[in-house]
Protein chains: 2
Amino acid sequence: MSKKAVSCPVETTLEIIGGRWKAMVIHELLKGTRRFSELHRALQGVSHRTLTQQLRDLESRGIINRKVFGEVPPKVEYSLTPLGRSLQPVLMAMHEWAVANECELDRGAK
Amino acid sequence: MSKKAVSCPVETTLEIIGGRWKAMVIHELLKGTRRFSELHRALQGVSHRTLTQQLRDLESRGIINRKVFGEVPPKVEYSLTPLGRSLQPVLMAMHEWAVANECELDRGAK
């Protein structure tokens, strides 16, 4: 994602964790280091191509680390950087809000 | 937005506040009731059509109220519902994270 003028910090955060999969990737990596195949399994429904793109975006923003092991077949592991780990309170707030309002959200979706 | 099976509460919250404009709308309405034209001015760069769609989505999810006054020309006011107002801690967490990590995010974006 290219750098651009952003007027509001909320928008900055959404740029980084928004979209369908990025928050899910961070959420999964908060539990620990994961290989590509493990992430792909955890995020049900994501394509290889999309997951690769999301991981590249997160890496370029300094949210995750990508570590390649010189094995055959190559092994690639993803983990959160300290910056990525600092997103935990944001994800927790999002998690808690949805859990606390589950019933009301169900009504709203009808 | 149609109701669908969602595996994770974080995803539910992102469904509601994600995308380019919804969090901005909620952020603006946390300051008080706004007319359409005021929202349009506050969210620089949004088209009338897109803003209308975002407001409809938020209304259908029970996040905002739309009040029409029988005047000529018609006056329409938007405000947060109690459910919408309860998103404040989520937006605050997003805001605080971006402000706290501004320097690091600038480096990551290069």
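Use the structure listed above.
**A word on the interface of chain A and chain B**
Counting residues at the interface gives 38 residues for chain A and 38 residues for chain B. Between the two partners, chain A and chain B, sit 0 salt bridges. On inspection of chain A and its partner chain B, the count reaches 4 residue pairs in polar contact (both at pLDDT 80 or more). Ranked by residue count, the leading element in the side of chain A that touches chain B is helix α6 (residues 88–100) of chain A, at 9 residues. For the side of chain A that touches chain B, the residue count by class is 21 nonpolar, 10 polar and 7 charged.

**Structural notes on the relation of the copies chain A and chain B**
After a rotation of 180 degrees and a shift along the axis of 0.0 Å, chain A superposes on chain B with an RMSD of 0.0 Å. Classification of the inter-copy transformation places it as that of a two-fold axis. Taking the C-alpha atom as reference, chain A places Gly-18 of chain A closest to the rotation axis, 2.8 Å from it. Interface overlap between copies: 100% of the residues of chain A at the interface are likewise at the interface in chain B, consistent with a symmetric, same-surface contact.

Thresholds, definitions, all that
- Residues numbered from 1 in each chain as written.
- Chains lettered and ligands numbered in written order.
- Predicted model: local features only at pLDDT ≥ 70, side-chain atom pairs only at ≥ 80, totals over all residues.
- Heavy atoms only, no water.
- Contact = heavy atoms within 4.5 Å.
- Salt bridge = Lys/Arg side-chain N within 4 Å of Asp/Glu carboxyl O.
- Polar contact = N/O pair within 3.5 Å; in protein donor to acceptor, adjacent residues only side chain to side chain.
- Helix = DSSP H or I, 4+ residues; strand = E, 2+ residues; numbered from the N terminus.
- Nonpolar A, V, L, I, M, F, W, Y, C, P; charged D, E, K, R; others polar.
- Least-squares fit on C-alpha atoms with pLDDT ≥ 70 in both.

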